[in-house]
Amino acid sequence: MVDATGGAIKDDDSATDVKFIDASPVHYLSGPIRVVDKDGIPAMPGDLLAVEICNLGPLSGDEWGYTATFDRENGGDIYKREVLNGKRLPRRRQGQCQEEKMGEIVTSKTLVEVPKYTLYPVFVEGANLSTGDMHFSEGDGEVSFCGAIEMSGFLELKCEIIRGGMKEYLTPMGPTPLHVNPIFEIGPVEPRFSEWLVFEGISVDECGRQHYLDATVAYKRAVLNAIDYLSKFGFSKEQVYLLLSCCPCEGRISGIVDSPNAVATLAIPTAIFDQDIRPKTGKVPIGPRLVTKPDVLRCTYDGNLPTTKNPSCLDVTFD
């Protein structure tokens, strides 16, 4: 499988291909695959398709990955938090593929941790199973849009058809029996961390306007709080923004009981840093491991969309 852009992003450490990419054809998929049982009878609408990942990895000779943000006028920057055009982290060579996202677009860290199996509702004869958009690593929400660490790779799958499984196991969440969603069992390879720094957000936006139980606004605030906090430790806000898309951070809806506020949290494992990022008495530590020029990755926004200043964070802009 090629990466989500179909190979449009090259292994040359240039951001030009990111900034001017045609984002309309993503995501590239391999398939569709017609799924039949041992008697040759295809999966039928109303069945469940149990898909197990038996093996996966990077394509030989293409063991690298990237993360980036697209121009806001080219479909990028989901939260419209920062003016980030054509940014990406330097290439990283991959020794072992750890994570995978497959099927429909679900930007959850838990799902990409190689689930033991996933149960997909079948809507057409043969199921027409397709896979693609592999990720080497991903944070919950994939907040920078072209987030995670995108990669090409291969998959070996095992499929089992559960006849009539949709009616038996899934409850429709809409007016027809087709309004159902997949379920999955988490595999044994989830990254395990014991210490986390957790950032909270509530459904009050940067202008002070309250949004009734709006978990999207709450999660946005949690992410922005994390960006602002980590930038005090020598990282640029652009670096933190990309980091939160591809590190194994955990986002949660932590409260809907205290209306009108929804509460969301973003937990970041402290072990991924080479310094202690916990608050302490005294000032934030300054040392040789810190980036002393946080503007090194900054570039200008040359688009036409309006921007406004966030009054609580002078270096972050919104549209």
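Quick look at the structure, then. (Residues numbered from 1 in each chain as written. Predicted model: local features only at pLDDT ≥ 70, side-chain atom pairs only at ≥ 80, totals over all residues. Heavy atoms only, no water.)

**Focus on the pattern of salt bridges**
Using the following cut-off: We define a salt bridge as a contact between a side-chain nitrogen of Lys or Arg and a carboxyl oxygen of Asp or Glu at a distance within 4 Å.
Under the counting rule described, the total for this entry stands at 9 salt bridges. Ionic pairing is found between D276 and R278, a salt bridge with its closest N-O pair at 2.9 Å. Residue D276 pairs with K280 through a salt bridge whose shortest N-O separation is 3.7 Å. Residues participating in the shared-partner salt-bridge network are D37, D47 and R163.

**A short note on the pairing of strand β11 (residues 196–202)**
Convention followed: For every residue, the accessible area obtained with a 1.4 Å probe (protein chains only) is divided by the maximum for its type, and the residue is called buried under 20%, exposed over 50%, and partly exposed between those limits. To qualify as a helix, a DSSP run of H or I must reach at least 4 residues; to qualify as a strand, a run of E must reach at least 2; elements of each kind are numbered from the N terminus. Strands are treated as partners if at least two bridges between them are detected by DSSP.
Because side chains alternate across β11, one face comprises the buried residues L197, F199 and G201, and the other comprises W196, V198, E200 and I202, none of which is buried. With 7 bridges connecting them, β11 and strand β13 (residues 263–269) associate as antiparallel partners. Following the sheet pairing, F199 is matched in β13 by L266.

**A word on the pairing of strand β8 (residues 129–132)**
Here β8 shows two buried faces, one formed by L129 and T131 and the other by S130 and G132. Pairing between strand β1 (residues 29–33) and β8: 3 bridges, direction antiparallel. Residue pairing in the sheet places S30 in a bridge with T131 of β8.

**Observations regarding the nonpolar core**
The condition that has to hold: We define the nonpolar core as a collection of buried residues of types Ala, Val, Leu, Ile, Met, Phe, Trp, Tyr and Cys that are connected through side-chain atoms lying within 4.5 Å of one another. In this description, contact between two residues means that some pair of their heavy atoms is separated by no more than 4.5 Å.
One finds V223, I227, L230, L244, L266 and I268 to be the most contacted residues of the largest nonpolar core, which totals 24 residues. Going through the elements one at a time, β11, α3 (215–230), α4 (237–246) and β13 are the ones with two or more residues in this core. In terms of residue count, α3 provides more of this core than any other element does, 9 residues in total. Apart from residues no more than four positions distant in its own chain, L266 is found in contact with L197, V198, F199, Y219, A222, V223, A226, L244, C249, E250 and G251.

**Quick look at the sheet that holds strand β7 (residues 117–121)**
Strands in a sheet are paired, the pairing made by backbone hydrogen bonds, and the direction either parallel or antiparallel. So the rule is basically this: Whenever a helix is involved, its axis is fitted only over the stretch in contact; in every case the axis is a line through C-alpha atoms, and angles between N-to-C directions fall within 0 to 180 degrees.
The strand order across the open sheet formed by 4 strands is β9-β2-β7-β10, and the pairing between neighbours is antiparallel. The sheet is open, and its two borders are formed by β9 (154–162) and β10 (183–185), each paired with just one other strand. For this sheet the average axis-to-axis angle between neighbouring strands, irrespective of direction, equals 25°. In this sheet, β7 lies alongside strand β2 (residues 48–57) in antiparallel orientation, the contact comprising 4 bridges. From the neighbouring strand, L48 faces β7, where its bridge partner is P121.

**Thoughts on the sheet that holds β11**
Pairing is antiparallel in the open sheet, where 3 strands are placed in the order β11-β13-β12. Strands at the two margins of the open sheet, each flanked by one partner only, are β11 and β12 (250–255). Adjacent strand axes in the sheet meet at a mean angle of 25°, parallel and antiparallel pairs treated alike. In this fold α3 packs onto β11, β12 and β13, with an angle of close to 135° to the strand it touches most, β11.

**A few points about the environment of E156**
Looking at the secondary structure, you find E156 in strand β9. Residue classification places E156 among the partly exposed residues on the basis of a relative accessible area of 42%. On a C-alpha basis, the gap between E156 and E52 in space is 8.6 Å, while along the polypeptide they are 104 residues apart. Apart from residues lying up to four places away in sequence, E156 is in contact with E52, I53, C54 and N55.

**A short note on the packing of α3 against α4**
In plain terms, the rule: The labels follow the angle: roughly parallel below 35 degrees, roughly antiparallel above 145, roughly perpendicular from 65 to 115, and oblique for the rest. Handedness of a helix crossing follows the sense of rotation of the near helix relative to the far helix, less than a right angle counterclockwise being left-handed and clockwise being right-handed.
Interaxial distance between α3 and α4 falls to 9 Å at its minimum, and their mutual angle equals 130°. In this view, α3 runs oblique relative to α4, as classed from their interaxial angle. Considering the relative orientation of α3 and α4, their crossing is right-handed. Of the residues in α4, those touching α3 at V223, A226, I227, D228 and L230 are K237, V240, Y241 and L244.

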